[in-house]
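Inside the fold
Next come the chains, spelled out residue by residue.
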Amino acid sequence: MPINILIAGPPGAGKGTQCERIVKEFGVVHISTGDLLRQEKADKTPLGLSAAEYMSKGALVPDELVIAMVKARFEKPDVKAKGWLLDGFPRSRPQADAMVQQGIIPDLFILLAVPDEALVVRICGRRTDPVTGIIYHDTFKPCTDPEILARLETRADDTKEALEKRLVGYHQHIAAIRDCYKAMTVEVDGNRTPDAVAAEVLGAIRKKQKGSSSCCCNIRPFHLAFLAFFFAPVFANLLKA
Ligand code: AP5
């Protein structure tokens, strides 16, 4: 049975870096809302042009735009067949609620914890290969191939100023998101080498997968707990009426 994973953490926490490794081992479909929005921008679609204004300032793109985009991506058949790895969504309580309404419930919520001070260096040194999508860093993961080096790109929002705003947004919303996924959260110290972080992240997914495969039905206990948390007020009102 495919596994479904959410990964979250502040900007530069290493979500994209760990996602590369998770996809390699588990073959899940990586859905990064940041990547989807950057692709929309590159394609000059109305969504991309509108999103670009928010992104370059380090602000969140309005919920309704992102929710519609994610919903459309989840309608593609690969997601059901291979399982998914959602990166960068939900980023607000309305986005988390929209996921529940769509029946998009993760098996595991991985939260990468990195102190703000460590993130400036990571963000300002990040370079991405537009051909392979591989993420490099001037210091922590330098690119040694001259051909690739020549085509590396820097993201428009990878500035100290935009990072400050992105961090404010992150800290404003993360508590509400954590609340939604308490039953399935694994918090990982992301302030270590990528290999050390990956060992813990991949280990947690393997453990979850092993536990799930020994469960004989598709509905897992924490799915029920999760649904009960959301629908309890509805039933309480019905009983009162
Ligand atoms: P998005 O693309 O999701 O960016 P982000 O969440 O800010 O995260 P990043 O991609 O910057 O960092 P990362 O954690 O993936 O780190 P990485 O692995 O690259 O979103 C961008 C924008 O899109 C948002 O600001 C918003 O405007 C919009 N948006 C997206 N989703 C949205 C939503 N749901 N709602 C509304 N708006 C939305 O690593 C960073 C660097 O550090 C790399 O160079 C890497 O090599 C290095 N590194 C990684 N791990 C380590 C390590 N352990 N030690 C040392 N260096 C490391």
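So, here is what we can say about the structure in this document. No experiment lies behind these values; they were computed from the predicted model shown. (Residues numbered from 1 in each chain as written. Predicted model: local features only at pLDDT ≥ 70, side-chain atom pairs only at ≥ 80, totals over all residues. Heavy atoms only, no water.)

So, the pattern of salt bridges
Heads up, the condition is: Salt-bridge detection follows one rule: a side-chain nitrogen of Lys or Arg within 4 Å of a carboxyl oxygen of Asp or Glu. Secondary structure elements are defined from DSSP: runs of H or I of at least 4 residues count as helices, runs of E of at least 2 residues count as strands, and each element is numbered from the N terminus. Buried residues are those whose accessible area, probed at 1.4 Å on protein chains only, stays under 20% of the maximum for their type, while exposed residues exceed 50% and partly exposed ones sit between those limits.
Counted under the stated rule, the structure contains 17 salt bridges. In this structure, Arg38 engages Asp35 in a salt bridge whose closest nitrogen and oxygen atoms are separated by 2.9 Å. Here Arg38 pairs with Asp35, and both are found in helix α2 (residues 33–42), just three residues apart, close to one helical turn. Given the relative accessible area of 24%, Arg38 is considered partly exposed. Put simply, Arg155 and Asp157 hold a salt bridge, and the shortest N to O gap is 3.1 Å. Under the relative-accessibility criterion, Asp157 is labelled buried at 10%.

Some thoughts on the site of the ligand
What counts is decided by this rule: We call a residue near a given molecule or strand whenever any one of its heavy atoms falls within 4 Å of it. N or O atoms within 3.5 Å of each other form a polar contact, as long as, within protein, one can give a hydrogen and the other can take it, and as long as residues adjacent in sequence are counted only when both atoms are side-chain atoms. Each accessible area value is a Shrake-Rupley result obtained with a 1.4 Å probe; residue values ignore everything except the protein chains displayed when judging cover. Each residue is assigned to one class: nonpolar for Ala, Val, Leu, Ile, Met, Phe, Trp, Tyr, Cys and Pro, charged for Asp, Glu, Lys and Arg, and polar for all the others, Gly among them.
Close to the ligand lie 35 residues, the nearest being Thr17, Ala59, Arg91, Arg126 and Arg166. Between Gly14 and the ligand, the recorded distance is 3.0 Å, taken from a backbone N or O atom to an oxygen atom. Arg91 has a polar side-chain atom sitting 2.4 Å from an oxygen atom of the ligand. Starting from 1,000 Å² of accessible surface for the ligand in isolation, the protein chains cover 96%. Counting residues per element, the ones that place at least two in the shell around the ligand are α1 (15–26), α2, α7 (116–124) and β6 (135–137). By residue number, the principal contributor to the shell around the ligand is α2, which donates four residues. Taken together, the residues that form the shell around the ligand break down as 15 nonpolar, eleven polar and nine charged.

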